[in-house]
Amino acid sequence: MQRYEGRCHCGNLSYVFNASRTLEELGLRACQCSFCRAHSARTTSDPYGAVHISARDASKLHRYQFGLKTADFLICRECGLYIGAMMEDAGKRWITVNVNTLLSPPSPDAPLVGHDFGAEDGDARIARRKAKWTPVAEFPA
């Protein structure tokens, strides 16, 4: 397993991403939704990995939703940084992490594949995320 650590700018939100492969092997994505473009997010996930999320102060964890409202965009209320998008269904959680928040982020010129998921309906989006996103092993709220 590969271990990657990340956090928001102020350190209130942090996570450990245990991946079955390197970031280069997993690949980086650029979602084309307005939120991800506005945050210049670069994301990755590993369905065979696990993410442990923690918060020094859970009251400063903001869960923002828009569009189909099938995911929570996890944002620190203190510093405003977006660490990842998390989906919950039937008591389980999955996440795609914003690699810009890794303590050692990939190079800005790392290969990036753009994706536009705007044509998906809610059921298709949920099914894709369950198949592609990383299971959440620990969450503070």
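It should be noted that the structure appears before, not after, this text.
Please read these numbers as outputs of a predicted model, since none were measured by experiment.

Caption draft 1: Spatial organisation of the nonpolar core. Residues Y15, F17, I53, L74 and I95 are the most contacted members of the largest nonpolar core, which totals 22 residues. For this core, the secondary structure elements donating two or more residues are strand 2 (13-19), helix 1 (23-26), strand 5 (50-55), strand 7 (72-76), strand 8 (82-89) and strand 9 (92-98). Considering every element that reaches this core, the biggest residue donor is strand 2, with four residues. Those residues in contact with L74 that lie beyond four places of it in its chain are I53, L61, H62, R63, L81, Y82, I83, G84, M86, I95 and F139. If you look at the next biggest cluster of nonpolar residues, it comprises 14 residues, including F35, A41, A71 and I75.

Caption draft 2: Summary view of the side chain of D72. Along the polypeptide, D72 turns up in strand 7. A distance of 2.7 Å separates the side chain of D72 from the side chain of Q65, its partner in a polar contact. With residues near it in sequence (within four places) discarded, D72 still touches R63, Y64, Q65, G84, A85, M86 and E88.

Caption draft 3: Fine view of unusual backbone geometry. Although it is not a glycine, S40 sits at a positive phi angle of roughly 50°. Residue position: S40 is located in the loop between helix 2 (34-38) and strand 4 (43-44). Judged by its relative accessible area of 53%, S40 is exposed. The backbone of K69 sits at a positive phi, close to 55°, despite the residue not being glycine. Relative to the helices and strands, K69 resides in the loop between strand 6 (61-64) and strand 7.

Caption draft 4: How the structure looks around the side chain of T134. Note that T134 resides in strand 11 (residues 134-138). Residues in contact with T134, not counting those within four places in the same chain, are F17, S45, D46, G49, A50, V51, R93, W94 and I95.

Caption draft 5: Inspection of helix 3 (residues 122-132) at higher detail. Of the residues making up helix 3, those classed as buried are R125, R128 and R129. Axial view of helix 3: buried residues confined to an arc of 95°, hence all on one face. Buried residues along helix 3 sit against strand 8 and strand 9. Two or three places before D123, at the start of helix 3, stands the capping residue D121, its side-chain oxygen 3.3 Å from that residue's backbone nitrogen.

Caption draft 6: Inspection of the environment of A58 at higher detail. You can see A58 is positioned in the loop between strand 5 and strand 6. For A58, a relative accessible area of 35% gives the class partly exposed. Considered as a pair, A58 and P140 are 82 residues apart in the sequence and their alpha carbons are 6.5 Å apart.

Caption draft 7: The pattern of salt bridges, seen in detail. Throughout the structure, instances matching the rule amount to eight salt bridges. Note that E5 and R3 form a salt bridge whose closest N and O atoms lie 3.3 Å from each other. Residue class for E5 comes out partly exposed when judged on its relative accessible area of 38%. The class of R3 is exposed, set by a relative accessible area of 54%. Here E120 ties to R128 by a salt bridge, and the two come within 2.7 Å at their closest N and O atoms. By the burial criterion, E120 is buried, and R128 matches it. Residues participating in the shared-partner salt-bridge network are R63, D72, E88 and R93.

Conventions and cut-offs
- Residues numbered from 1 in each chain as written.
- Predicted model: local features only at pLDDT ≥ 70, side-chain atom pairs only at ≥ 80, totals over all residues.
- Heavy atoms only, no water.
- Core = buried A, V, L, I, M, F, W, Y, C linked by side-chain atoms within 4.5 Å.
- Buried < 20%, exposed > 50% of the residue type's maximum accessible area, 1.4 Å probe, protein only.
- Helix = DSSP H or I, 4+ residues; strand = E, 2+ residues; numbered from the N terminus.
- Contact = heavy atoms within 4.5 Å.
- Polar contact = N/O pair within 3.5 Å; in protein donor to acceptor, adjacent residues only side chain to side chain.
- Arc of directions from axis to C-beta.
- Salt bridge = Lys/Arg side-chain N within 4 Å of Asp/Glu carboxyl O.

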